[in-house]
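Report on the structure
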Amino acid sequence: TLLICGPTELSLAKAAFGENCKITNDGAMMDLGKRVSRKKDYIPEITKAIKNGWEKPIHRGASTVDLKELGHLEVDPLDPYQRVVRKGSKLEPKAGEHFTVQSSN
């Protein structure tokens, strides 16, 4: 079984393993039959699909994220390794806050 993370991965999986593989109704898993080895069964097929001209789909699905709410990236001037950090993101927890998972029901 191959876990599918989204429309791009589904497109690549179909190109690599064929359009006729069974996919769950939610599109999250693809039945790859007796394939079990990443090294022998998965990687060669995926590599071949890419080399044969597979391209990312233009429409990857509707995004539910407003990119402006994610802030911006900048290099931390105080970090001796010059790590990149995200600033001004709605996702940053405030002091004393914790993230909660919301149900999509």
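Structural data are supplied above this passage.
Read on for an overview of the structure. Quick caveat, the model's predicted, so the values are computed rather than measured.

1. Thoughts on the overall build of the chain
Summing up its helical and strand segments, the chain has 2 helices and 4 strands in all. With 105 residues in all, the chain has 16% of them scored as buried. Taking all contacts inside the chain whose residues are at least 6 apart in sequence as the whole, residues at least 24 apart take part in 38%. Summed over its atoms, the accessible surface of the chain is roughly 9,100 Å², and 55% of this surface lies on carbon and sulfur atoms.

2. Describing the pattern of salt bridges
Throughout the structure, instances matching the rule amount to 2 salt bridges. The partner of Glu-45 in a salt bridge is Lys-48, with the nearest N and O atoms 3.7 Å apart. Of this pair, Glu-45 and Lys-48 both sit in helix α2 (residues 38–51), 3 residues apart, which is roughly one turn of that helix. In this structure, Arg-83 engages Asp-79 in a salt bridge whose closest nitrogen and oxygen atoms are separated by 3.0 Å.

3. Digging into the nonpolar core
Formed by 13 residues in total, the largest nonpolar core has its most connected members in Leu-2, Ile-4, Ala-13, Phe-17, Cys-21, Met-30 and Leu-32. Within the residue set of this core, elements represented by two or more residues are α1 (7–17) and α2. Of all the elements, α1 adds the most residues to this core, at 5 residues.

4. Considerations on unusual backbone geometry
Its identity is not glycine, yet Gln-82 carries a phi of approximately 55°, on the positive side. Within the element layout of this structure, Gln-82 appears in the loop between β3 (72–75) and β4 (84–87).

5. Brief notes about the environment of Asp-31
Relative to the assigned elements, Asp-31 resides in the loop between β2 (29–30) and α2. Distance from Asp-31 to Cys-21, taken between C-alpha atoms, is 6.2 Å for residues 10 residues apart in sequence. Excluding residues within four positions of it along the chain, Asp-31 makes contact with Cys-21 and Lys-22. Among the polar contacts listed, one links the side chain of Asp-31 to the backbone nitrogen of Gly-33, at a separation of 2.9 Å.

6. Side note on the packing of α1 against α2
Running from amino to carboxyl end, α1 crosses α2 at an angle of 100°, the nearest separation of the two axes being 8 Å. Between α1 and α2, the crossing angle belongs to the class labelled roughly perpendicular. Facing Leu-12, Ala-15, Ala-16 and Phe-17 of α1, the residues of α2 in contact are Asp-41, Tyr-42, Glu-45, Ile-46, Ala-49 and Ile-50.

7. What to know about a nonpolar patch on the surface
A cluster of nonpolar side chains, namely Leu-73, Val-75 and Val-84, defines an oily patch on the protein surface of about 270 Å² accessible area. Within the secondary structure, Val-84 is located in strand β4. Classification of Val-84 by relative accessible area gives exposed; the value is 53%.

Reading the values: the criteria
Residues numbered from 1 in each chain as written. Predicted model: local features only at pLDDT ≥ 70, side-chain atom pairs only at ≥ 80, totals over all residues. Heavy atoms only, no water. Helix = DSSP H or I, 4+ residues; strand = E, 2+ residues; numbered from the N terminus. Buried < 20%, exposed > 50% of the residue type's maximum accessible area, 1.4 Å probe, protein only. Contact = heavy atoms within 4.5 Å. Areas by Shrake-Rupley, 256 points an atom, 1.4 Å probe, with all protein chains shown as cover. Salt bridge = Lys/Arg side-chain N within 4 Å of Asp/Glu carboxyl O. Core = buried A, V, L, I, M, F, W, Y, C linked by side-chain atoms within 4.5 Å. Polar contact = N/O pair within 3.5 Å; in protein donor to acceptor, adjacent residues only side chain to side chain. Axes fitted to C-alpha atoms, helices over the stretch in contact; angles between N-to-C directions. Parallel < 35°, antiparallel > 145°, perpendicular 65-115°, else oblique. Patch = residues over 30% accessible without salt bridge, like charges linked within 9 Å, V, L, I, M, F, W, Y side chains within 5 Å.

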